[in-house]
Amino acid sequence: MSIFQATASAPVNIACIKCILGQARHKLILPTNSSLSDRLWLNGKEEEINEGGRMATCIAEMKRLRKQEVEDKKPNEPKLSALSVHIASFNNFPTAAGLASSASGFAALVSSLAQLYALPVSPSTLSLISRQGSGSACRSLFGGFVAPQSHWPDIHALICVVSDDKKGTSSTSGMQRTVETSALLQHRIKNVVPQRMSDISKAILDRDFDTFARITMADSNQFHAVALDTEPPIFYMNDVSRAIIALIVEYNRISLANGGKRKAAYTYDAGPNAVIYTPSENVKEIIQLIVTYFPQKEGSFKDVFGLFAGSDVNGAAKVVDGFNEAVAKRFEVGAVKGLIHTRVGDGPRALGNNEALLGADGFPKTLA
């Protein structure tokens, strides 16, 4: 039996302006001809594909497109739409912890299937399908900043993994409760988000980090205020999350007091993990600040940009001059489980066979 295979990677994404969609919207596409022989392995462990669920919906729609756009128009093409699929997915970010791992997963899914099926469709079409799996997956299909779709390559991100545990309240169920019960959400939708989208888009186009930072932090704060306004309230952040906010606020205060501008912006999605945006020239001192309060396990920080010349990051811990060290307490090793330094990048990538997660027999090369 012939085996057809394709592999793709897709980035995580973080919303600077938070959009709570809930489940009031109708599905754009309903699954047809769901195959019980389709199989999924997530991080080496087989997971069930529920008939009519998000994964089944995406697979069914991609198969429909293969038949409609390729097989019906070119009868000699292999009838891949009739074959079952084996899917191996691996996240290098914590799963279901508020770091958009599901968004990147569904973006990678539709990208790899589009590659496998040789679909002559636009990224916008794939975006509509990926949203059936994760509402924010569409953002992982475009590189750089989405809305507008342009790059700002000087912007880096430091991700503070406060918890890699699965959230007590999932994004989907939390959004549904918020849509149903939060009066603040309605004010936000009508009076806040449209103007902020316009303002932050201009800031990105102008590469105005000070304005970008101010709006990003304000919107993160309001998103979590809306979570608290939900009945019953949703607590995504914890004491470590709030301590990181205090550090960035004080870090920016020093810059503003010295006649400068904001140098960093924090944002939190539906979880306790912080994403800190900053221009590249500030990354090293921000890492030094974070490890002063949240020391890392020796050797755990992957210095992919070579900022510390192979030295242990804890040895470089320090705060900037004038910093009020009383704004937060100092935590033990493990309070922040890991630091990930990355930057704004591109969208999904097609990978070669040497990076395939499935073997020649169609089954995962590695199992948990």
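Calculation rules
Residues numbered from 1 in each chain as written. Predicted model: local features only at pLDDT ≥ 70, side-chain atom pairs only at ≥ 80, totals over all residues. Heavy atoms only, no water. Helix = DSSP H or I, 4+ residues; strand = E, 2+ residues; numbered from the N terminus. Buried < 20%, exposed > 50% of the residue type's maximum accessible area, 1.4 Å probe, protein only. Areas by Shrake-Rupley, 256 points an atom, 1.4 Å probe, with all protein chains shown as cover. Pairing = 2+ DSSP bridges. Salt bridge = Lys/Arg side-chain N within 4 Å of Asp/Glu carboxyl O. Axes fitted to C-alpha atoms, helices over the stretch in contact; angles between N-to-C directions. Parallel < 35°, antiparallel > 145°, perpendicular 65-115°, else oblique. Left-handed = near helix turned anticlockwise from the far one by under 90°. Contact = heavy atoms within 4.5 Å. Nonpolar A, V, L, I, M, F, W, Y, C, P; charged D, E, K, R; others polar. Expected span 1.5 Å × (residues − 1). Polar contact = N/O pair within 3.5 Å; in protein donor to acceptor, adjacent residues only side chain to side chain. pLDDT = per-residue confidence, 0-100. Phe/Tyr/Trp six-rings, centres within 6.5 Å; stacked < 30°, edge-to-face > 60°.

A.B. asks: Help me understand the overall build of the protein, please; the structure alone is not making it clear to me.
C.D. replies: Helix and strand counts for the protein come out as 8 helices and 9 strands. Of all 368 residues assigned to the protein, the portion counted as buried reaches 47%. Accessible surface computed for the protein: about 18,100 Å², of which carbon and sulfur atoms make up 52%.

A.B. asks: Please clarify how the environment of Arg242 should be interpreted in this entry.
C.D. replies: Inspection of the secondary structure puts Arg242 in helix H7 (residues 239-257). Counting along the chain gives 86 residues from Arg242 to Ala328, while the straight-line C-alpha distance between them is 8.9 Å.

A.B. asks: What should I look at first to understand the pairing of strand S7 (residues 274-279) in this one?
C.D. replies: When a strand is regular, its side chains alternate between the sheet's two faces. Counting buried residues along S7, 6 of its 6 residues qualify, which places the element largely inside the surrounding structure. The side-chain alternation of S7 yields two buried faces, one formed by Ala274, Ile276 and Thr278 and the other by Val275, Tyr277 and Pro279. Two elements, strand S5 (residues 155-161) and S7, share 6 bridges in a ladder whose sense is antiparallel. Directly across from Ile159, in S7, lies its bridge partner Val275. The pairing of strand S6 (residues 265-267) with S7 spans 3 bridges and is classified as antiparallel. Opposite Ala265, over in S7, you have Tyr277 as the bridge partner. Joining the antiparallel neighbours S6 and S7 is a turn of 6 residues.

A.B. asks: For this particular structure, what's the right way to read the pattern of salt bridges?
C.D. replies: Once the charged atoms of two side chains with opposite charge are near each other, the side chains can pair. For the structure on display, the rule yields 15 salt bridges. For the salt bridge of Glu71 with Arg66, the shortest nitrogen-to-oxygen distance reads 3.0 Å. Per residue, the accessibility class of Glu71 equals that of Arg66, and both read buried. Here Asp239 and Arg242 are joined by a salt bridge, their closest N and O atoms 2.9 Å apart. On the criterion of helical spacing, the pair formed by Asp239 and Arg242 is a turn pair, its members being 3 residues apart in helix H7. According to the relative accessible area criterion, Asp239 is exposed, its value standing at 54%. Judged by relative accessible area, which is 42%, Arg242 ranks as partly exposed.

A.B. asks: What am I meant to see in the sheet that holds strand S4 (residues 86-89) here?
C.D. replies: Strand pairing within a sheet occurs via backbone hydrogen bonds; the two strands may be parallel or antiparallel. Here we have 3 strands laid out as an open sheet, ordered S3-S2-S4, and mixed in their pairing. Each having just a single partner strand, strand S3 (45-47) and S4 make up the two edges of the open sheet. Mean inter-strand twist for the sheet, computed between neighbouring axes without regard to direction, equals 30°. Taken together, the 4 bridges between strand S2 (residues 39-42) and S4 define a ladder with parallel strand orientation. Paired with Leu42 across the strands is Ser89, a residue of S4.

A.B. asks: Looking at this model, I keep getting lost on the packing of helix H5 (residues 183-206) against helix H6 (residues 209-229). Mind explaining?
C.D. replies: The angle between the axes and the distance between the axes are what describe a pair of packed helices. Viewed as axis vectors pointing N to C, H5 and H6 meet at an angle of 165°, and their least axial separation amounts to 10 Å. One way to sum up the angle between H5 and H6 is to call them roughly antiparallel. Every pair of crossing elements has a handedness; the one defined by H5 and H6 is left-handed. Taking contact as the criterion, the partners of Ala183, Leu184, Leu185, Arg188, Val192, Arg196, Asp199, Ile200, Ala203 and Ile204 in H5 are, on H6, Thr211, Phe212, Ile215, Thr216, Ala218, Asp219, Gln222, Ala225, Val226 and Asp229. Considering only residue class, the contact of H5 with H6 consists of 12 nonpolar, 3 polar and 5 charged.

A.B. asks: I tried to follow H7 on my own but got confused; where do I start?
C.D. replies: In an α-helix, one turn spans 3.6 residues, which is why side chains three or four residues apart end up on the same side. Across its 19 residues, H7 extends 27 Å between first and last C-alpha, which sits within 8% of the 27 Å expected from 1.5 Å per residue. Taken together, the buried positions of H7 are Val240, Ser241, Ala243, Ile244, Ile245, Leu247, Ile248, Glu250, Tyr251, Asn252, Ile254 and Ser255. Elements in contact with the buried residues of H7: S5, H6, S6, S7 and helix H8 (283-293). Its side-chain oxygen at 3.1 Å from the backbone nitrogen of Val240, Asn238 defines the N-terminal cap of H7. Positive phi shows up at Gly259, right after H7, with a value of about 85°.

A.B. asks: Would you mind showing me how to read the confidence of the model for the protein here?
C.D. replies: Averaged over every residue, the pLDDT of the protein is 86; residues scoring 70 or more account for 85%. Across residues 21-35, where pLDDT falls below 50, the model places 30 contacts with residues more than four positions away in sequence or in other chains.

A.B. asks: Help me understand the sheet that holds S7 in this model?
C.D. replies: Reading across the sheet, the 4 strands line up as S6-S7-S5-S8 and stay open at both edges, with antiparallel pairing between neighbours. Of all strands in the sheet, those with a lone pairing partner are S6 and strand S8 (338-343), marking the two edges. When strand polarity is set aside, the average angle formed by the axes of neighbouring strands in this sheet is 20°. Most of the contacts of H7 go to S6, to which it runs at about 160°, and overall it touches S5, S6 and S7.

A.B. asks: I'm lost on the packing of aromatic side chains in this one. Help?
C.D. replies: The geometry of two aromatic rings is summed up by the distance between their centres and the angle between their planes. Counted under the stated rule, the structure contains 10 aromatic pairs. Centre to centre, the rings of Phe301 and Phe308 are 6.3 Å apart; their planes meet at 80°, and the pair counts as edge-to-face. In this pair, the class of Phe301 matches that of Phe308, namely buried. By the ring-pair criterion, three or more aromatic residues cluster together here, those being Trp152, Phe209, Phe212 and Tyr277.

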